[in-house]
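Breakdown of the fold
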Amino acid sequence: MSGIVVVLVGALLCFYGIRSVHLGVVAIGFGIGWLIADLFGPSFWTLLLFGLIGAVVTWVVVSLVFKFAAYVIGGLTGAMVGAKLATVFQPGDKNWAMSMIVILAVCVAGAFLADRFRERALLWLTSIGGASMVLSGMGRMSDDLEFLRSPDTGWQQFLATAAWVALSAAGWIVQRHLFAEKLGIRHLVVGQDDADALGS
């Protein structure tokens, strides 16, 4: 059950993240709360509680500072990506201080990238952040896939990272094609005039 919830929220963010700001904010907040709590292996209900708290707090914060929404959303998505990085690159027991340093560093980088490059950066950040949630959820669904959530050995880290990169790229491609107009990518948007020209 816990894995399915995270996979669904992650897929929403990975493949549909830039379509709706409010939907993206709630998914990002849920992901941050869930992934940070998941570093320490709590129960499903604790994870769900942290995810819901993260969703509400994130939505409230972004609503209060909507003028700086891209900056805040980029930072929050960066925090989610940082939480996944801390999990993937710390096999075995997690170091709380190291995890917070990684999360904070990626959070700040995500905020500045989103503020500077807007939709393009948010496209990357939502794809990468959503993919991290999908893999964490899949890791909870089966013991054979546990390494996707928390890899311990070198080959598990390699496979988890490769899967993360592949899924992030898939999310980027899907969002880039679905929301080309929102991103200002003209060559992917076929207007009516173009369609008429092709048909004649």
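Residues numbered from 1 in each chain as written. Predicted model: local features only at pLDDT ≥ 70, side-chain atom pairs only at ≥ 80, totals over all residues. Heavy atoms only, no water.

1. Digging into the confidence of the model for the protein chain
This is how the line gets drawn: The predictor attaches a confidence to each residue, called pLDDT, with possible values from 0 through 100. Helix and strand labels come from DSSP, where a helix needs a run of H or I of at least four residues and a strand needs a run of E of at least two; each type is numbered from the N terminus. Working rule for contacts: check all heavy atoms of both residues, and any pair within 4.5 Å makes them a contact.
Looking at the protein chain, the pLDDT average stands at 79 and 85% of residues meet or exceed 70. Within the protein chain, helix α10 (residues 192-199) has the poorest average pLDDT of any element, 46, and helix α8 (residues 154-178) the best, 89. Taken as a whole, residues 192-200 scores under 50 in pLDDT and shows 2 contacts with residues more than four places along the chain or in a different chain.

2. Topic: the packing of aromatic side chains
Inclusion rule: In summary, the pairing rule links any two rings of Phe, Tyr or Trp, Trp by its six-membered ring, whose centres are within 6.5 Å, and it sorts them by plane angle into stacked for under 30 degrees, edge-to-face for over 60 and tilted for everything else. Exposure categories follow from relative accessible area, calculated using a 1.4 Å probe and restricted to protein chains: below 20% of the type maximum is buried, above 50% is exposed, and the middle band is partly exposed.
What the rule picks out here adds up to 3 aromatic pairs. Between F147 and W155, the ring centres sit 5.9 Å apart and the planes meet at 45°, which makes this aromatic pair tilted. The class for W155 is exposed, based on a relative accessible area of 51%.

3. Thoughts on the nonpolar core
Selection rule: For this analysis, a nonpolar core means a set of buried residues of the types Ala, Val, Leu, Ile, Met, Phe, Trp, Tyr and Cys, connected via side-chain atoms within 4.5 Å.
Judged by nonpolar contacts, the single largest core of 33 residues is most densely connected at F30, W34, I73, M80 and M133. With 8 residues, the single largest contributor to this core is helix α2 (residues 21-38). Here M80 is in contact with L13, I28, G31, I32, L35, G129, S132 and M133, once residues within four sequence places are set aside. Listed in part, the 10 residues of the second largest apolar core include V81, V134, F147 and L167.

4. Quick word on a nonpolar patch on the surface
Basically, it comes down to this: Only residues above 30% relative accessible area that lack a salt bridge enter a patch, with like-charged residues linked at up to 9 Å and the nonpolar side chains Val, Leu, Ile, Met, Phe, Trp and Tyr linked at up to 5 Å. The method behind every accessible area is Shrake-Rupley, applied with a 1.4 Å probe, and residues are considered shielded solely by the protein chains displayed. Any carboxyl oxygen of Asp or Glu that lies within 4 Å of a side-chain nitrogen of Lys or Arg is treated as forming a salt bridge with it.
A cluster of nonpolar side chains, V26, V56, W59, V60 and L64, forms an exposed patch at the surface whose accessible area comes to about 470 Å². A total of 4 residues in the nonpolar patch trace back to one element, the largest contributor, which is helix α3 (residues 44-64). Turning to its location among the elements, V26 is positioned in helix α2.

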